[in-house]
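Remarks on the overall topology
Listed below, chain by chain, are the residues.
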Amino acid sequence: MGKSKKDNELPKPELKVDVKELILPMAEIAKEVAIEKATPVAKKAKEKAAPVAKKAKEKAKKAIAETKKVVEEKAEIRNTNVYIQYKGIEVSTDDIVDKVKKAYVADGHRKSSIKDVKVYIKPEEGCVYYVINGKSAGKVSL
C-alpha cells in the first residue's frame with residue numbers, strides 16, 4: 001500500500017528556549033550602555049553644581065555667623081541685682097518694686113492688673129514715688 005501523508009511528513013524539531021538565557025544578557029548590556037551614557041552627564045552635572053554648592057555653603061556659614069552675632073548681642077543677663085546706697089541705707093531695686101506692688105494691692109487693686117510700673121527713687125527724701133499703668137500714683141518709704 002501506499003504511504004500515508006503522515007508518513008511522508010518530517011518530524012518537526014521542537015524549539016526549546018529559556019527566556020532567562022536571552023533576557024539576562026540583554027539586560028546586562030542595557031545596564032552597561034546606560035552607565036556608559038549616564039556617567040559623562042552625571043560628571044558634567046556635578047561639575048556645574050559644585051560652584052553653586054560652594055556658594056550656598058559660604059552663604060550658610062555667613063548666615064550662621066550673623067545669627068550667632070545677633071543672638072550674642074541680644075543675650076540677656078539672667079541675674080542682675082541693683083542696689084541703692086545712701087547715707088548708710090542699702091536697698092535693692094527688686095525690694096523697691098515689691099514694696100510698690102504691695103502698696104498698689106493694699107490700695108484695693110489686683111496684682112494681676114499691673115502692666116507697667118514706673119519708679120522714681122528720691123534717696124534724699126527716703127521715699128520712692130511710683131506710677132502704675134500710667135494712672136495710679138503713690139509713694140512708699142525706702
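Residues numbered from 1 in each chain as written. Predicted model: local features only at pLDDT ≥ 70, side-chain atom pairs only at ≥ 80, totals over all residues. Heavy atoms only, no water.

1. Some details on the overall build of the chain
The condition is simple: Counting from the N terminus, the helices are DSSP H or I runs at least four residues long and the strands are E runs at least two residues long. Accessibility here uses a 1.4 Å probe with only protein chains present; expressed as a share of the type maximum, an area under 20% marks a residue as buried, one over 50% as exposed, and anything in between as partly exposed. What makes two residues a contact is simply this: any of their non-hydrogen atoms within 4.5 Å.
Each helix and strand counted, the chain has three helices and five strands in total. For the chain, the sequential pattern of α-helices and β-strands runs α-α-β-β-α-β-β-β. Looking at the chain as a whole, 11% of its 142 residues qualify as buried. A separation threshold of at least 6 residues defines the contact pool for the chain, and within that pool the share at least 24 residues apart is 24%.

2. Digging into the side chain of S113
Looking at the element boundaries, S113 is found in the loop between α3 (93-106) and β3 (117-122). Not counting the four nearest positions on each side in its chain, S113 is found in contact with Y104 and N133.

3. A few points about the sheet that holds strand β5 (residues 136-141)
Definition in use: Note: two strands are recorded as paired if DSSP finds a minimum of 2 bridges between them. Orientation is described by lines fitted to C-alpha atoms, with helices fitted over the stretch in contact, and by angles between N-to-C directions that extend from 0 to 180 degrees.
Read from one edge of the open sheet, three strands run β3-β4-β5, paired in antiparallel fashion. Lying at the two open borders of the sheet, with one neighbouring strand each, are β3 and β5. On average, each strand axis in the sheet is inclined to that of its neighbour by 20 degrees, with strand direction left out of account.

4. Digging into α3
Our working rule: Any helix carries an expected span of 1.5 Å times its number of residues minus one. In this description, one arc is meant: the one made by directions from the helix axis to the C-beta atoms.
For α3, with 14 residues, the first-to-last C-alpha span of 20 Å sits near the 20 Å given by 1.5 Å per residue. Looking only at α3, the buried set comprises I96, V100, A103 and Y104. For α3, the buried positions fall inside an angular range of 100 degrees around the axis, keeping them on one side. Turned more than 90 degrees off the buried face of α3, the exposed positions are K102 and A106.

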